[in-house]
Amino acid sequence: MTQISYGLFSELLLVRIHGRAEAYLQATSAERLAIVAACRGEATVPDLAQRILSRTIYAQASSRIGPLRELLQNALDASPPGARIDVRSTEDGREISVADQGRGMSRTELLADLLVPFRSGKAGEPDAIGEHGIGFFSALELAPWIEVVTATPSGGHRLLVAPLGAGPPYDDFSWTLLSLPRSSAAPPPPGLAGAAAPPRRSTTGTSVRLSLAQPISRPALAAEVAAAVGLVDPAVARIYVDGALVNTARARLRRAAEVPLRLPPSGELCGAIELLVGRGDGVEPQLTITQKGLTVATRIDPFPGPELGLHRELARAITAAGFGLVAELPLAVPLNKGRSAVAASASTAVEAALVAAFERFILRDALYDRELLRAVDHRLSSVLDRLVQAALLGESVTIASAQVVDELDPAARTPTVAAPEQVIRFASGLLDAPLFRSIVVDAGPRAPGAALSPLLGQLHARSAPLTLRELLKAHRDGVLRPLEASPPSSPGHARSAARAPLGGAAAPEAAGREAREAPGARPGELVYLAIDEPLAQAFWRRLATEGAASPPVAEAAAAAPQRPASAAPCPMPRTSRDALLSIAAEVPGVRAVAAAMTVIERIEAAISEAADLPTSPVWVHQDLYGPDEMAHTDGSGISVNLASSRVRTLLTAVLLRDDAVAFTALADLLLHEKTHVSLASYVPRPTAEHGTSFYRRKDWMRRRLLAAIASGAVADPMRWLAVARRGLASAALPAPAELSRAFQLAAAAA
């Protein structure tokens, strides 16, 4: 076969369009010129090949990460499992190389596949990602001068690519192909004198050297490569940038859910979407969509739209705590030509599978993961808090059909006017998830009037994971009790369970007596809830605010009766601490409000100092801005709604003891409002509402706060709890109606 040494990209494409590629590759130099001239004479549009090349090269990537991902994808497809892929750069940042230890490319593959757009040599390879045959061309926008050195078991080649004409964009590109002796095939990339020498290469492989139009620093190169391939499993390939391994994040991820995926229109099963979760170095707090570990797209807000409001709130809680979600697509899912999104034909099926995978993760995994739960419990508990409140008020959150939570059959769904069906279905799943570790104690039946003491040895206890719905029923039946220690693993341990701290409930030995004496209880049965978990503590606090439990939180709240949920609003104007003490000093519980304002001010001051922001004044109000727990007032300060049942519960908890869960929830509320305040200072108010930029800034402020506390630059505001409680006789807050009446009288007197 005639050796081809020189040509143009447009010529390779032109002869391919006209079906004369094989004749062109085997012809002599003079014959090739004649073939090209004949094809141009037949062409309706003489410069069609140049136009296609220009659109292929300059319309794919919007950043440098895209071309790097394409080159690394080619290296991954060519490499055996676990092989090493090296990315190296010169000290001046003008040249980088991507080298693999794969099978290499023959002369025909170089000229007929690599240099011809929409031609791919990977067709029929089940583990290969590339399919469009245009990935190599995206690198020409980044680096118009490219050298490819490749070796196969039968020989090696050196391919040189250079631009033609003034550019960018360039009119065309030339290629020069040289055969290399087998002994010198696949040498280390030439021209990288400033880079450390790469490790010894295998006998086959490919090295692509790019002469960049714009230099890149080594830290920037490492960051961009990590953004593209940082989630690749090291078992697939080990990817190094200037000698440092960059794909280490996979070890910090664990599989959390898996959902089968069927692509339209045939509905044929093409694999499953895997949802992974983790946090740490290399795992970004966002949803990252990958395929074979290569980044396809990233989302700060993974679930847009009102019908996914509950999903979105839970996802925000998880990512705000530093956890990242990774959705790994099966290889059969088609991507767009820039590989930055799922192809439109498959997007609907993929989105539905992502929602189902997230629901499975929440209901079967997240609510049982202690580490994750303790990081996000204040947000998760706020979601469940609303569900508990609805259940306590007798509102139904169920749907007529009892399908499982991940049912994707639209015909099986029952519509509702209360909220979008998907939200109701998910909420129902949350209520029916066995989240709470408990002990159910049953002494068995006994004859009326029979002595209890002979039956104490016959108590039967069993550990049972109960749902919110089951706990609420036990509460209404009067048989729910708190238990401090974790439930025993076997009935024999029931007698050694610790006494609950939230009110000193009796130990299970006396369960039979309490069950018979508790109003409304079924004879012989009590339910003991383990309150050493954050969600259980949040649930118990909710019952306390409803006056339904007997822990110290409820005892403190009992001194100031809580208004019923259905009571009319009790408005009180936005008020400073001095005005509050001046106008309502005689109202019981006002001193506790002043102490709580001290705690809030210290949290706000810590956030402001960590984020280099001026401190904001803190006020209190009732019902002026709706039911929200807190409000940002004119972008200048923060006001706390004392009529909010959740705020009252949190403030009472931190005034009673060092309650880390309640304190964290308060800090999250203040971070939310402080983000509003900071955004309102430099963006128009309509754009300062809840959007991607808002939650990105809130997460940034949270990270700054945690880092400042960890380094000692900011004092931990929780240390001020003891100071705020000093001299406080009671943690009971004033009744909203009493505060409202005091301010109404003051206004009338004025």
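Our structure is the block above this text.
Residues numbered from 1 in each chain as written. Predicted model: local features only at pLDDT ≥ 70, side-chain atom pairs only at ≥ 80, totals over all residues. Heavy atoms only, no water.

*Asks:* Even after reading the chapter, I still don't get the pattern of salt bridges, so can you show me in this structure?
*Replies:* Pairs can form between side chains of opposite charge once their charged atoms are near each other. If you walk through the whole model with that rule in mind, you get 21 salt bridges. Note that Glu-147 is salt-bridged to Arg-158, the shortest N-O span being 2.5 Å. With Glu-147 in strand S4 (residues 145–152) and Arg-158 in strand S5 (residues 155–164), this residue pair connects regions lying 11 residues apart in the sequence. Across the salt bridge formed by Glu-601 and Arg-577, the nearest N and O atoms sit 2.5 Å from each other. Here Arg-577 lies in helix H17 (residues 577–583) and Glu-601 lies in helix H18 (residues 590–610), a separation of 24 residues in the sequence. The network of salt bridges with shared partners includes Glu-95, Glu-147, Arg-158 and Arg-209. (Salt bridge = Lys/Arg side-chain N within 4 Å of Asp/Glu carboxyl O. Helix = DSSP H or I, 4+ residues; strand = E, 2+ residues; numbered from the N terminus.)

*Asks:* Explanation requested: the side chain of Thr-652 in the structure shown.
*Replies:* Within the secondary structure, Thr-652 is located in helix H19 (residues 645–656). Residue classification places Thr-652 among the buried positions, given a relative accessible area of 6%. (Buried < 20%, exposed > 50% of the residue type's maximum accessible area, 1.4 Å probe, protein only.)

*Asks:* Looking at this structure, I do not really get the sheet that holds strand S14 (residues 324–329). What am I missing?
*Replies:* Paired through their backbone hydrogen bonds, the strands of a sheet run either parallel or antiparallel. Judged by pairing direction, the sheet is mixed, and its 5 strands sit side by side in the order S10-S11-S14-S12-S13 without closing on themselves. A strand with exactly one partner marks an edge of an open sheet, and here the two such strands are strand S10 (253–263) and strand S13 (294–299). Averaged over all pairs of adjacent strands, the angle between strand axes in this sheet comes to 25°, irrespective of strand direction. Pairing geometry for strand S12 (residues 287–291) and S14, over 5 bridges, is parallel. What sits directly across from Thr-290, in S14, is Glu-328. Most of the contacts of helix H10 (residues 344–364) go to S10, to which it runs at about 140°, and overall it touches S10, strand S11 (268–278), S12, S13 and S14. (Pairing = 2+ DSSP bridges. Axes fitted to C-alpha atoms, helices over the stretch in contact; angles between N-to-C directions. Contact = heavy atoms within 4.5 Å.)

*Asks:* Honestly, the pairing of strand S7 (residues 205–211) in this entry has me stumped. Any pointers?
*Replies:* Two faces make up the sheet, and in a regular strand the side chains alternate between them. For S7, the buried fraction is high: 7 of the 7 residues fall into the buried class. The alternating pattern of S7 places Gly-205, Ser-207, Arg-209 and Ser-211 and Thr-206, Val-208 and Leu-210 on opposite faces, both of which are buried. Here strand S3 (residues 95–100) pairs with S7 via 6 bridges, running antiparallel. Its bridge partner lying in S7, Asp-100 is registered against Thr-206. Relative to S7, S4 is paired through 7 bridges, and the arrangement is antiparallel. In the sheet register, Glu-147 faces S7, and the bridge partner there is Arg-209.

*Asks:* Help me out: how do you make sense of the pairing of S10 in this one?
*Replies:* Alignment of S10 against S11, held across 9 bridges, turns out to be antiparallel. In the sheet register, Arg-262 faces S11, and the bridge partner there is Leu-269. Hairpin connection from S10 to S11: 4 residues lie between these consecutive antiparallel strands, with Gly-267 at a positive phi of about 75°.

*Asks:* Help me understand the sheet that holds S5, please; the structure alone is not making it clear to me.
*Replies:* A sheet is described by the order of its strands in space; here 9 strands give the open sequence S1-S6-S5-S4-S7-S3-S2-S8-S9, paired in mixed fashion. Bordering the open sheet on either side are strand S1 (6–8) and strand S9 (244–245), each of which pairs with just one other strand. Summarising the sheet, S1 and strand S6 (residues 172–180) pair through 3 bridges and their orientation is antiparallel. Paired with Gly-7 across the strands is Trp-175, a residue of S6. The sheet contacts of helix H8 (residues 218–229) involve strand S2 (83–89), S3 and strand S8 (237–241), and relative to S8 the element is tilted by about 160°.

*Asks:* For this particular structure, what's the right way to read the nonpolar core?
*Replies:* Inside soluble globular proteins, nonpolar side chains tend to come together where they are buried. Counting residues in hydrophobic clusters, the biggest one holds 69 residues, and the most contacted among them are Leu-261, Phe-358, Phe-361, Ile-362, Leu-480, Leu-529 and Phe-539. The leading source of residues in this core is H10, at 12 residues. Look past the residues within four positions of Ile-362 in its chain and what remains in contact with it is Leu-314, Ile-318, Leu-367, Phe-426 and Leu-430. If you look at the next biggest cluster of nonpolar residues, it comprises 58 residues, including Ala-49, Leu-68, Val-116 and Val-161. (Core = buried A, V, L, I, M, F, W, Y, C linked by side-chain atoms within 4.5 Å.)

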